[in-house]
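This is what each chain is made of:
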Amino acid sequence: MGYFHSVTLDREKCKGCTNCIKYCPTEAIRVRDGKAVIIDERCIDCGECIRRCPHQAKKAVTDSLDLLSNYQVKVAIPAPSLYGQFKSSISINQILNSLLSLGFDYIYEVAEAAELVTEIIKDKMAKGELKKPAISSACPAVVRLIQVKFPELLENIIQVESPMEIAARIVKDKLRKDLQVDSGKIGVFFISPCAAKVTSVKNPLGVKKSYVDGVISISTIYARLITNLIARDKCSKLEKASGTGIGWAISGGEALALKLDNYLAVDGSENVIKVLEELEMGKLPDVEFFEGQACVCGCVGGPLTIENSYVAKKRIRYLVEKSKGEYSFNINNVNWADINLKAQWTEKLTPREVMKLDNDRVKALAKINQMEEIFKNLPGLDCGSCGAPSCRALAEDIVRGLGNEFDCIFKLRERLRILAESMLELSNKVPPSIGRREDKS
Amino acid sequence: METANNNLTMEFTITAGDFSTAGKAASEVKRILGQIGFPPAIIRRVAVATYEAEMNIVIHSFGGKITLFITPRKINILCEDNGPGIADIDLAMQEGFSTAPDKIRELGFGAGMGLPNIKRCSDEFKIYSEVGKGTKLEISIKLVE
């Protein structure tokens, strides 16, 4: 089965430079025939390459607003990170009213669902249902990173749906009943800072099918959101969520909402990998909760955002502090049995063993030996000219049959020098007939 | 009988007191075992045992060597150090016992879990030590399929 990826390449724009291959956390990119190629099985859709590409050749496939016309009822579920994209003089209500004016009938804040998820996780923690360290499942890129690189930690991932998915389920269910329309006629659109979320909708993690019908990137609608802003006093009241849920947009926000002491919040893929390595080895026994986010500062640093992530984080942090950890609803008025049902994962996460060299361990071992031998003879400069991120990766590609030694320009030059030397040597060899004549003269 | 091609030997020299590189052997081993395709649980046991052994050599010895012999069904880890040696092995094997100085404990190491942890990860575990000479560990982790 083909695996859908949001992160893709615009072949026209790609210059074949090697910027992206160096920063991919799963070494999923190679340059071939002058263009970057993404290895599907390895890509976790973190969007790091989108950020790194100086030619904007990496992009996230998202949906367009045109898709709205396919549905009778149109609902926007904005990610809390959207609120960080505007100056603090613009109220959340103004942002939501502007969003509504793009053609939506209803809005349900993902931040509100984040508050519900907070309470669900809190409850599971209190009941001792979570394996420690409990790992947040909020960042889909980190969940996939764990599948690829840290399979031993899969059991620690909190098996609760993301606020996005729960928001979609709640709003669809409610509108279906309230309006008496078929749920197929209700289109729920996530307003996203993130490419990995798009992939999650098409290839869900933990559930069979997503209730989200489309994902629209913040960056593509940002200009229209700015133009459509209306004065505060003309806005209808759409804002509901408290800072507790909105805080999920920044690194550490989930842990703050959970009111935990022994937590570790890490942002940026590279940092997340380092800490997961320590967690997998059992080196951090005190940590109760781990929140890792692939993007720097958290979702506000997503590849589909506009504002500088630190500036956006500042605004969200202010909202978190203002909320003092309160919820926007009364806990006793929530139908928890229903919400819990909507939040439960039904599918088990399995490791994605994409790093192994062969399905047969005996053959894999032979390949490792071969690889080490090849690696020893490579220059070790990790220059990337061969199209692989490092000399080690080239050695690996060679044993996988995806490259050869002379992809390395240094090896090629060495070989040319040897050839040139032998040519010179040969050219100095004089045929005996000529040689004899010269002797006589 | 195995030919040289379907087993792999990895050797690491460990420097006493060098905390900055401690853990390198374990992460390198983890990467290689993943490429060979060992089950995650086995990889974790080997990585933890290697890591703890590295730390022991860094903290307690005057330097040493860790050698891994990897075959498709079994991983042997040999750890040899030059060091003070262990006077009472039974005591050293007890959880919580450590001779690590306070300075090291303040760093969060020396909790006395190293050797017991290695043993827990092993299918076979042998320890030899001679005071004034050094310590040798022979660890074996097997794949049951």
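As the structure is a computational prediction, the values presented were derived from the model and not from experiment.

Here we come to the sheet that holds strand β11 (residues 289–293) of chain A. Two pairing modes exist for strands in a sheet, parallel and antiparallel, and in both the strands are linked by backbone hydrogen bonds. Residues and elements named next belong to chain A. On the basis of which strands lie adjacent, the open sheet formed by three strands has the order β7-β11-β10 and parallel pairing. Every other strand in the sheet has two partners, leaving β7 (134–135) and β10 (263–267) as the edge strands with one partner each. One ladder, built from two bridges, connects β7 with β11; its direction is parallel. Across the sheet, A134 pairs through a bridge with F289, a residue of β11.

Tracing the backbone through its elements, the reader meets S309(A) in helix α12 (residues 309–323). You can call S309(A) buried: its relative accessible area is 14%.

Residue and element names in this part refer to chain A. Inspection of every chain in the model, using the stated rule, returns four aromatic pairs over all chains. Each ring, one from Y71 and one from F189, has its centre 5.8 Å from the other, and the planes form 80°; the classification is edge-to-face. Taken together, the residues Y71 in the loop between β4 (58–60) and β5 (73–78) and F189 in strand β8 (residues 186–192) connect sequence positions 118 residues apart. Its end group placed over the ring of F375, R392 keeps NZ or CZ at 4.1 Å from the ring centre.

Residue and element names in this part refer to chain A. Under the criterion given, the structure shown has 31 salt bridges over all chains. The salt bridge partner of E353 is K356, with a shortest N-O separation of 3.6 Å. On the basis of relative accessible area, E353 is assigned to the partly exposed category, the value being 41%. For R417, the salt bridge identified is with E421, shortest N-O distance 3.0 Å. Linking R417 with E421, this pair stays in helix α16 (residues 409–428), spanning four residues, or about one helical turn. For R417, a relative accessible area of 46% gives the class partly exposed. Residue classification places E421 among the partly exposed positions, given a relative accessible area of 45%. Several salt bridges converge on common partners, so that one network encompasses D173, R176, K177, D338 and K342.

Another aspect to go through is the confidence of the model for chain A. With 98% of its residues at a pLDDT of 70 or more, chain A shows a mean pLDDT of 92. Ranking the elements of chain A by mean pLDDT puts helix α17 (residues 432–440) of chain A last with 61 and β5(A) first with 98.

This part is about the environment of L225(A). All names here are of chain A. Looking at the element boundaries, L225 is found in helix α8 (residues 218–227). Using a relative accessible area of 0% as the deciding quantity, one classes L225 as buried. C-alpha of L225 to C-alpha of L394: the two residues are 169 residues apart in sequence and 46 Å apart in space. Non-local contacts of L225, meaning those with residues more than four positions away in its chain, are made with L82, F86, I95, S98, L99 and L102.

This brings us to the confidence of the model for chain B. On average, residues of chain B score 86 in pLDDT, and 90% of them reach the 70 mark or higher. Here the predicted complex scores 0.88 on pTM and 0.80 on ipTM.

Right, let's get into the interface of chain A and chain B. The interface is formed by 25 residues belonging to chain A together with 28 residues belonging to chain B. Summed over both sides, the interface of chain A with chain B buries roughly 2,200 Å², with 59% coming from carbon and sulfur. When the buried surface of chain A facing chain B is broken down by residue, M281(A), R361(A) and L365(A) rank first, second and third, together holding 34% of it. At the surface where chain A touches chain B, the tally comes to two salt bridges.

With that settled, the discussion passes to the sheet that holds strand β6 (residues 106–107) of chain A. All names here are of chain A. Strand order in the open sheet made by the four strands is β6-β5-β8-β9, with parallel pairing throughout. The sheet is open, and its two edges are formed by β6 and β9 (214–217), each paired on a single side. Pairing analysis gives four bridges linking β8 to β9, with the strands arranged parallel. Paired with F190 across the bridge in β9 is V215. Against the sheet, helix α6 (residues 163–179) makes contact with β5, β6 and β8, and its axis sits at roughly 150° relative to β5, the strand it touches most.

Residue and element names in this part refer to chain A. Counted by the stated rule, this structure contains zero disulfides over all chains. With no disulfide partner, C20 has as its closest neighbouring cysteine sulfur the one in C17, 6.2 Å distant. Judged by relative accessible area, C20 falls into the buried class, the value being 7%. There is no disulfide at C24, and the cysteine sulfur nearest it, in C46, is 6.2 Å away.

Looking now at unusual backbone geometry. All names here are of chain A. Note that the residue after K132, namely P133, is joined by a cis bond; omega there is -10°. Position of P133 relative to the elements: it lies in the loop between α4 (110–126) and β7. The backbone phi angle of D33 is positive, close to 50°, even though this residue is not glycine. With respect to the helices and strands, the residue D33 is situated in the loop between β2 (29–32) and β3 (35–38). Of note, D45 is a non-glycine position whose phi angle comes to about 60°, a positive value. Along the chain, D45 turns up in the loop between β3 and α2 (48–52).

Here we take up α6(A). Residue and element names in this part refer to chain A. For α6, built from 17 residues, the straight-helix expectation of 24 Å at 1.5 Å per residue is met to within 8% by its first-to-last C-alpha distance of 23 Å. The buried fraction of α6 is high, at twelve of 17 residues. Each element contacted by the buried residues of α6 is listed here: β5, β6, α4, β8, α7 (195–202) and α13 (336–343). Once α6 ends, the next one or two residues include Q180, with phi positive near 55°.

Definitions and limits used
- Per chain, residues are indexed from 1 in the order of the written sequence.
- All chains are assigned letters beginning with A, and all ligands numbers beginning with 1, in the order in which they are written.
- Whole-chain, interface and lining totals are the exception, using all residues; otherwise, since this is a predicted model, local features are given only for residues with pLDDT of at least 70 and side-chain atom pairs are given and counted only at 80 or more.
- The basis for the side-chain values is all heavy atoms of the structure; hydrogens and waters are excluded.
- For two strands to count as paired, DSSP must find a minimum of two bridges between them.
- Helix and strand assignments follow DSSP, with helices taken as H or I runs no shorter than four residues and strands as E runs no shorter than two, numbered in order from the N terminus.
- Residue exposure (1.4 Å probe, protein chains only): buried if accessible area is under 20% of the type maximum, exposed if over 50%, otherwise partly exposed.
- Here a Phe, Tyr or Trp ring, Trp counted by its six-membered ring, pairs with any other such ring whose centre lies within 6.5 Å, and the pair is stacked when the planes are under 30 degrees apart, edge-to-face when over 60, and tilted otherwise.
- By definition, being over a ring means that NZ of Lys or CZ of Arg is both within 6 Å of the ring centre and within 35 degrees of the ring normal.
- The working definition used for a salt bridge is a side-chain nitrogen of Lys or Arg within 4 Å of a carboxyl oxygen of Asp or Glu.
- pLDDT measures how confident the predictor is about each residue, on a scale from 0 to 100.
- The contact definition used throughout considers only heavy atoms, calling two residues in contact when any of these lie within 4.5 Å.
- Put simply, buried area is how much 1.4 Å-probe accessible surface two parts lose in total, over both of them, once they are put together.
- Geometry is summarised by axes, namely lines fitted to C-alpha atoms with helices restricted to the contacting stretch, and by angles between N-to-C directions that run from 0 to 180 degrees.
- For this text, the term disulfide refers to a pair of cysteine sulfurs within 2.5 Å.
- To estimate how far a helix should reach, multiply one less than its number of residues by 1.5 Å.

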